[in-house]
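# Coordinate analysis (summary)
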Amino acid sequence: AKAEGGRRVRAFEPEMEERQHQRRWLERELRLAIDSGQIELHYQPLFELATNTVTGFEALARWHHPERGMISPGEFIPVAEATGLIDALGVYVLKTACAAAMQWPGTLRVAVNISPAQFREGNLDQLVEEVLRTTQLPSQRLELEITESVILNQDQATHDMLTRLRRLGVRFSMDDFGTGYSSLSSLNSFRFDKIKLDQSFVRNLMERDEAAAIVHVVAELGRSLKITTTAEGVETAEQLARLRASGFSEVQGYLLSRPIPAAGVAAFILAQNNL
Ligand code: C2E
Ligand code: CA
Ligand code: CA
Ligand code: CA
């Protein structure tokens, strides 16, 4: 039995080692990437259904590694969160996104993803305030996308932080709505300006009656709470028609536009205006 156990340990050790090696590599490289401009932001438009206009863009981080090529945020954000590099990355993302938004016409908003780990640092409000001051971006044009875990695991420090951020006049979106355990409970304890229904519901919209029912209820919830409802991951015209019929306020997804590089945003806005 002992020999058998020994073999089993040896069998998975290389895999574990490989994964740890990979993670250390990512951490080292990410540190360099943030300082050397390998991280770029792309911007994905948010469309308001009532007016058929773009109301703003969500900033999404992209890492172009010189040797490995494109590394997705799904891969490097968790490493950044686990290693504390999320703070440096968060500073870069916020500054860059707000500076970019200043180049856009008047009322367009920019949505920035804020990781729960950034709330632990304790100076997020100072960072937001400083970035708004230096870029001159009006605070109501900045939208912070947070997930329910920030609201649920709220200690006194996080509660105070949320209050100070709210006082700055920035808007709050609840990201990935419906995927956690307590989405409704979070809505009940913090006033969000927007609900972003997770794309998993949109993906099943045409195949599953349950998804269609949920979409209806979330649209109704938004109307009752008088907050914006946004559906993510809209890829087909059929999904768009359903969301419109349900009364969703906004949509975002490949059907309307993929995330676009900063340099392409001005042309995109111009093309929209000429429709
Ligand atoms: P998220 O905030 O839920 O962002 C939506 C993701 O869905 C993005 O993936 C976006 O490119 C993708 N997407 C948009 N439209 C469609 C569609 O029609 N179909 C499909 N299949 N996907 C669509 P991305 O850019 O790979 O980002 C993944 C996640 O990484 C984000 O999820 C967000 O949680 C995180 N992330 C990205 N940038 C940042 C950042 O600057 N800071 C932080 N803290 N997290 C970020
Ligand atoms: Ca988001
Ligand atoms: Ca999301
Ligand atoms: Ca997500």
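Structure shown above.
This write-up is about the structure you can find in this document.

Criteria and thresholds
Residues numbered from 1 in each chain as written. Chains lettered and ligands numbered in written order. Predicted model: local features only at pLDDT ≥ 70, side-chain atom pairs only at ≥ 80, totals over all residues. Heavy atoms only, no water. Core = buried A, V, L, I, M, F, W, Y, C linked by side-chain atoms within 4.5 Å. Buried < 20%, exposed > 50% of the residue type's maximum accessible area, 1.4 Å probe, protein only. Helix = DSSP H or I, 4+ residues; strand = E, 2+ residues; numbered from the N terminus. Phe/Tyr/Trp six-rings, centres within 6.5 Å; stacked < 30°, edge-to-face > 60°. Salt bridge = Lys/Arg side-chain N within 4 Å of Asp/Glu carboxyl O. Expected span 1.5 Å × (residues − 1). Contact = heavy atoms within 4.5 Å. Donors = N, O, S within 2.8 Å, 3.2 Å for Na, K, Ca; no water. Pairing = 2+ DSSP bridges.

Let us look at the nonpolar core. Among the nonpolar cores identified, the biggest contains 76 residues, and Tyr-43, Phe-57, Trp-104 and Leu-142 are the most heavily contacted of them. For this core, the element with the most residues is helix α3 (residues 86–101), which contributes eight residues.

In the structure shown here, the tally under the stated rule is seven aromatic pairs. Here Phe-57 and Trp-104 contribute two aromatic rings whose centre-to-centre distance is 4.8 Å and whose plane-to-plane angle is 55 degrees, an arrangement assigned as tilted. With Phe-57 in strand β2 (residues 53–65) and Trp-104 in the loop between α3 and β4 (109–113), the pair connects residues that are 47 residues apart, well separated along the chain. The two residues Phe-57 and Trp-104 agree in class, both being buried. Ring geometry for Phe-190 and Phe-192: centres 5.0 Å apart, planes at 80 degrees, overall edge-to-face. With relative accessibility at 11%, the residue Phe-190 sits in the buried group. Through a chain of ring-to-ring contacts, three or more aromatic side chains come together here, namely Tyr-43, Phe-47, Phe-57, Trp-104 and Phe-268.

Below, the discussion takes up the pattern of salt bridges. It is possible for side chains bearing opposite charge to pair when their charged atoms get close. Tallied over the full model, the rule gives 15 salt bridges. Put simply, Arg-191 and Asp-193 hold a salt bridge, and the shortest N to O gap is 3.9 Å. Its relative accessible area of 53% is what places Arg-191 among the exposed residues. Among the residues examined, Asp-193 registers a relative accessible area of 17% and is labelled buried. Glu-232 is paired through a salt bridge with Lys-196; the nearest N and O atoms lie 3.8 Å apart.

On to helix α7 (residues 156–168), then. Under the 1.5 Å per step criterion, the end-to-end length of α7 is 19 Å for 13 residues, consistent within 8% with the ideal 18 Å. For α7, the secondary structure elements touched by its buried residues are α4 (116–121), α5 (124–135), β5 (142–146), α6 (148–152) and β6 (171–177).

A few words now on the coordination of the calcium ion (ligand 2). Ligation of the calcium ion (ligand 2) by protein atoms is provided by Glu-58 (OE), Asn-113 (OD1), Glu-145 (OE) and Asp-175 (OD), these donors lying 2.1 to 2.4 Å from the ion. In the primary structure, the donors to the calcium ion (ligand 2) are separated according to the pattern E-x54-N-x31-E-x29-D. Separating the calcium ion (ligand 2) from the calcium ion (ligand 3) is a gap of 4.0 Å, bridged by Asp-175, which donates to each. You can see Glu-58 sitting in strand β2 and its partner Glu-145 sitting in strand β5, a full 87 residues away along the chain. Per residue, the accessibility class of Glu-58 equals that of Glu-145, and both read buried.

Turning our attention to the pairing of β2. Across the 13 residues that make up β2, a large majority, 11, are buried. As paired strands, strand β1 (residues 39–48) and β2 are joined by 10 bridges and run antiparallel to one another. Counterpart to Leu-41 in the pairing with β2 is Ala-61. Taken together, β1 and the strand that follows it, β2, pair antiparallel across an intervening segment of four residues, in which Asn-52 is found at a positive phi of about 55 degrees. Bridge count for β2 against β4 is four bridges, and the pairing is parallel. Looking across to β4, one finds that Glu-58 is bridged to Ala-111. Sheet analysis places β2 next to strand β3 (residues 69–71), joined by three bridges and oriented antiparallel.

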